[in-house]
Amino acid sequence: GEGSMEFQWSTPIFAYRVDSEKVAELNEGLLSAGAALRSENPVGRVASNRGGWRSSADLHKRGSEYAALGDMRREAEAAVAQFWKQGLDRTPHSKGQGAKP
């Protein structure tokens, strides 16, 4: 993936874009995983939404069970790493330069 730090309205906005060749495969895998998870637990987790379905809160731990979830986690981790690096590169004080995520 590729990320960039953009400055809009004096507020830095980090944008991360998954490589275009991965998007279709990732979307298909996530939809398939969602359908499988819903069939495992049709009621889902009760939350504040009305009539919606929510998966369990452990999806980040189920990447070996559903490949797309592992792929999504890796993309999220790559985005966080890029965000952190770009932020540190722009931090003018020494405390920020030596910090770790």
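Side note on the overall build of the protein
- Looking only at helices and strands, one finds three helices and two strands in the protein.
- For the protein, the N- to C-terminal ordering of α and β elements is β-β-α-α-α.
- Counted over contacts in the protein with a minimum sequence separation of 6, partners at least 24 positions apart contribute 41%.
- Counting only carbon and sulfur atoms, one obtains 56% of the accessible surface of the protein, whose full area is about 7600 Å².

Details of the confidence of the model for the protein
- Looking at the protein, the pLDDT average stands at 84 and 83% of residues meet or exceed 70.
- Highest mean pLDDT in the protein belongs to helix H1 (residues 20–40) (93); lowest belongs to helix H3 (residues 94–97) (58).

Considering the packing of aromatic side chains
- The full count for this structure, using the stated rule, is one aromatic pair.
- Summarising the aromatic geometry, the rings of Phe14 and Phe83 are spaced 5.5 Å apart at their centres and angled 75° between planes, so their arrangement reads as edge-to-face. In this pair, Phe14 sits in strand S2 (residues 11–17) while Phe83 sits in helix H2 (residues 67–90), placing the two residues 69 residues apart along the sequence.
- You can call Phe83 partly exposed: its relative accessible area is 42%.

Observations regarding the pattern of salt bridges
- A complete count under the given rule lists five salt bridges for this structure.
- Of the charged contacts, one joins Lys22 and Glu75 as a salt bridge, the two residues approaching to 3.1 Å between their closest N and O atoms. In this pair, Lys22 sits in helix H1 while Glu75 sits in helix H2, placing the two residues 53 residues apart along the sequence.
- Accessibility expressed as a relative area gives 8% for Glu75, which makes it buried.
- As a salt-bridge pair, Arg74 and Asp71 come within 2.5 Å of each other at their nearest N and O atoms. One end of the pair is Arg74 and the other is Asp71, both in helix H2 and three residues apart, which spans about a single turn.

With respect to the environment of Ala33
- Relative to the elements of secondary structure, Ala33 occurs in helix H1.
- Look at Ala33 and you get buried, because its relative accessible area is 3%.
- Expressed as a C-alpha distance, the spacing of Ala33 and Glu65, which sit 32 residues apart in the sequence, is 9.2 Å.

Observations concerning H1
- For H1, built from 21 residues, the straight-helix expectation of 30 Å at 1.5 Å per residue is met to within 8% by its first-to-last C-alpha distance of 31 Å.
- Looking at H1, one finds that the buried residues are Leu26, Ala33 and Leu37.
- Elements in contact with the buried residues of H1: H2.

Quick notes on the rules
Residues numbered from 1 in each chain as written. Predicted model: local features only at pLDDT ≥ 70, side-chain atom pairs only at ≥ 80, totals over all residues. Heavy atoms only, no water. Helix = DSSP H or I, 4+ residues; strand = E, 2+ residues; numbered from the N terminus. Contact = heavy atoms within 4.5 Å. Areas by Shrake-Rupley, 256 points an atom, 1.4 Å probe, with all protein chains shown as cover. pLDDT = per-residue confidence, 0-100. Phe/Tyr/Trp six-rings, centres within 6.5 Å; stacked < 30°, edge-to-face > 60°. Buried < 20%, exposed > 50% of the residue type's maximum accessible area, 1.4 Å probe, protein only. Salt bridge = Lys/Arg side-chain N within 4 Å of Asp/Glu carboxyl O. Expected span 1.5 Å × (residues − 1).

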